[in-house]
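# Examination of the molecular architecture
This is what each chain is made of:
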Amino acid sequence: MDAGRDGNLNGSGGRVQLESNDSDTTVVSQLAQQDNVPWYRKPNLRLLYLLMIPTCLAVEVTSGFDATMVNGLQAVPSWLEYFHHPRSASLGIMSAMFSLGSICSVLFVSPVVDKMGRRYSISLGGIISITGAILQGSALNYTMFVLARFRPWLWPCLPRCCGFFSDWRERAIMSSLFSTTYELGTVFAAGITLTTFTMTSNWGWRIPSFLQVIPTLLQVSFILFLPESPRWLVSKGRKDEAYAILVKYHAEGDENSNFVKAEYTQIEQTLEAELRISQVGRKELSSTPGMRKRVIVATFFGLFTESGASGLISYYLSPILDSIGIHDNRSKHIINLSRVSWSLTNSTVAAFIAPRYPRRRMFLTCTISLFVVFAAWTIASAVYSSTESKVSAHLVVALIFLYSPAYNIGFTVLPYTYLVELFPFHVRTRGITIYQWWLRCGTFFNQFVNPIGMDALGWRWYIIYCVWHAFQVTFVYVMFPETSGRTLEELTFLYEGEQEVYRHAEIETLHEQGQRETYGTMEGVPRGTMKRLDDSDTG
């Protein structure tokens, strides 16, 4: 039987027994649904969410800032003159180096995060980012500017922190808001480049580069006030600390909370089950059908997120506008600022709405909408190329704005919500790292080849993206599983069929032979931080 599955919370000799029933609702889910107090009336949880703003949610501000800064600099005369009007491959590698740093970090990010924990890994990643931004703003030549943009990232753990820390009811929304803050960074960068592009000195491009450190400085300043992940603490044997964190933030200090006791037990049981599975060996684990499907979904999910036409808009809006007859730099900056402000607005709305609907439905809506919008964009660009029709040019601009909500309802607000649900804890770091790696590979390829392709093929380059968007629709329909409506622990065996579950149970039995059975009990709860359950009211 799946140890994380449903049951009733009953007092029996100091134990909480998780009794099987026909419902898919777990004890944690049942108890969470009984809590009708909103998060903003819980002081400790409210404080935790406030701390997550500069530490977890704001990290994507840096990524969004960088994308729109590079986009905006292409319409800053002082930057163009200083770097001798980069185009084609030279412009591509300049943009793509930021992603190359993330690609190279994949070899060590997972062991570093698992060894150091979430807080110290985030601090180290922040220091690297700050150093790179300072070097970029101080660049003396093209080579120094490019190398300063090579920054290994240690931040794949941040979306999981949003999932771990959030209350069960707000987990999906908090994870969605994590990605939405990317759009906040784009607004800041677009506003700054609009302000500085008229400067005739080199400060016109140095100021935006230096200002990139602000969100990361806030993150590093507040990160030590954020608690460590309870799941990570339990996995390292620091159970008292983990339980204390759950008590403080999920029960407002009530050590006798049945919800926290059940939540802690569920975390511990799930980790024990995952540990037993992982002990079988990495080769055998990765060869199971369920894990192979997870890896395939994460791989293509990463590619879809940043290798579509969104990369054209995010990094090369200036050449796109040039291709439809818009050459005035001020007009380009105004369109860019309007675009990112609109994207921030609709992505924030989507962050509160999209997680309430089934994941597959939202991803299918997203990919189908993207295909339709970009196909129309390609046709309008082709018409302008032949006729120079202003109506076609205006239609392209309108479709650029329509592309934003179509993209955001899936690929902006749901990635980390979906990935946290897709991967079990013991492979979650690796799973999200796989997604991040392929996302950055897609971004690097996109950033590098787009200026080359547009320079050589013009609007015909867009046809490749039409085909790619059609493939996205097909892949999502065939491969993406539904994950909404269940807890993280329930999703541990998302893909595995009955035979594999029985196989896992047999493995657990072999490891448990001769040892005390701990599944379905509360005996793993730290005695130093709570009273025994048989001394409390179990309802």
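A brief look at the structure comes next. Source: prediction; values computed, not measured.

Calculation rules
- Residues numbered from 1 in each chain as written.
- Predicted model: local features only at pLDDT ≥ 70, side-chain atom pairs only at ≥ 80, totals over all residues.
- Heavy atoms only, no water.
- Helix = DSSP H or I, 4+ residues; strand = E, 2+ residues; numbered from the N terminus.
- Buried < 20%, exposed > 50% of the residue type's maximum accessible area, 1.4 Å probe, protein only.
- Contact = heavy atoms within 4.5 Å.
- Patch = residues over 30% accessible without salt bridge, like charges linked within 9 Å, V, L, I, M, F, W, Y side chains within 5 Å.
- Areas by Shrake-Rupley, 256 points an atom, 1.4 Å probe, with all protein chains shown as cover.
- Salt bridge = Lys/Arg side-chain N within 4 Å of Asp/Glu carboxyl O.
- Expected span 1.5 Å × (residues − 1).
- Axes fitted to C-alpha atoms, helices over the stretch in contact; angles between N-to-C directions.
- Parallel < 35°, antiparallel > 145°, perpendicular 65-115°, else oblique.
- Left-handed = near helix turned anticlockwise from the far one by under 90°.
- Nonpolar A, V, L, I, M, F, W, Y, C, P; charged D, E, K, R; others polar.
- Phe/Tyr/Trp six-rings, centres within 6.5 Å; stacked < 30°, edge-to-face > 60°.
- Lys NZ or Arg CZ within 6 Å of the ring centre and 35° of its normal.

### Considerations on the overall build of the protein chain
- From N to C terminus, the protein chain includes 26 helices and two strands.
- For the protein chain, buried positions account for 59% of its 539 residues.
- For the protein chain, the proportion of contacts with a sequence separation of at least 24, taken over those separated by at least 6, is 81%.

### Regarding unusual backbone geometry
- The backbone phi angle of Ser88 is positive, close to 50 degrees, even though this residue is not glycine.
- Given a relative accessible area of 23%, Ser88 falls into the partly exposed group.
- Despite not being glycine, Glu388 has its phi angle at roughly 55 degrees, a positive value.
- Along the polypeptide, Glu388 turns up in the loop between α21 (359-387) and α22 (390-412).
- With relative accessibility at 58%, the residue Glu388 sits in the exposed group.

### Concerning the environment of Gly72
- Along the polypeptide, Gly72 turns up in helix α3 (residues 59-73).
- Look at Gly72 and you get buried, because its relative accessible area is 3%.
- In this structure the C-alpha to C-alpha distance between Gly72 and Pro208, which are 136 residues apart in sequence, comes to 9.7 Å.
- Apart from the residues lying within four places of it in its own chain, the contact partners of Gly72 are Thr193, His333 and Asn336.

### Focus: a nonpolar patch on the surface
- Residues Met116, Tyr120, Leu124 and Leu224 make up a contiguous nonpolar surface patch of about 360 Å² in total accessible area.
- Owing to a relative accessible area of 44%, Tyr120 belongs among the partly exposed residues under this scheme.

### Overview of helix α25 (residues 461-479)
- Over its 19 residues, α25 extends 28 Å from the first C-alpha to the last, a length consistent with the 27 Å expected when each residue adds 1.5 Å.
- Of all the residues in α25, the buried ones are Trp461, Tyr462, Tyr465, Cys466, His469, Gln472, Val473, Phe475 and Val476.

### Description of the packing of α21 against α25
- The N-to-C vectors of α21 and α25 enclose an angle of 165 degrees; their axes lie 9 Å apart at closest approach. In this view, α21 runs roughly antiparallel relative to α25, as classed from their interaxial angle. Crossing of α21 against α25: the hand is left-handed. On the side of α21, the interface is formed by Arg360, Phe363, Leu364, Thr367, Ile368, Leu370, Phe371, Phe374, Ala375, Trp377, Thr378 and Ser381, while α25 contributes Tyr462, Ile463, Tyr465, Cys466, His469, Ala470, Gln472, Val473, Val476 and Tyr477.
- Its residues assigned to classes, the contact of α21 with α25 comprises 16 nonpolar, five polar and one charged.

### Some thoughts on the environment of Gln30
- Locating Gln30 in the fold gives a position in helix α1 (residues 27-34).
- Under the relative-accessibility criterion, Gln30 is labelled partly exposed at 24%.
- Considered as a pair, Gln30 and Phe259 are 229 residues apart in the sequence and their alpha carbons are 9.0 Å apart.

### Quick word on the packing of aromatic side chains
- Under the counting rule described, the total for this entry stands at 42 aromatic pairs.
- A centroid spacing of 6.4 Å and a plane angle of 55 degrees characterise the contact between Phe222 and Phe225, whose relative ring orientation is tilted.
- Residue class for Phe222 comes out partly exposed when judged on its relative accessible area of 33%.
- Geometrically, the ring pair formed by Phe301 and Tyr435 is tilted, given 5.2 Å between the ring centres and 55 degrees between the ring planes. Pair noted here: Phe301 is in helix α17 (residues 289-307) and Tyr435 is in helix α24 (residues 425-457), with a separation of 134 residues, a long-range link. Each member of the pair, Phe301 as well as Tyr435, carries the same accessibility label: buried.
- Over the ring of Tyr82 we find Arg206, and its NZ or CZ is 5.6 Å from the ring centre.
- Taking the ring centre of Tyr477 as reference, the NZ or CZ of Arg360 above it sits at 5.7 Å.

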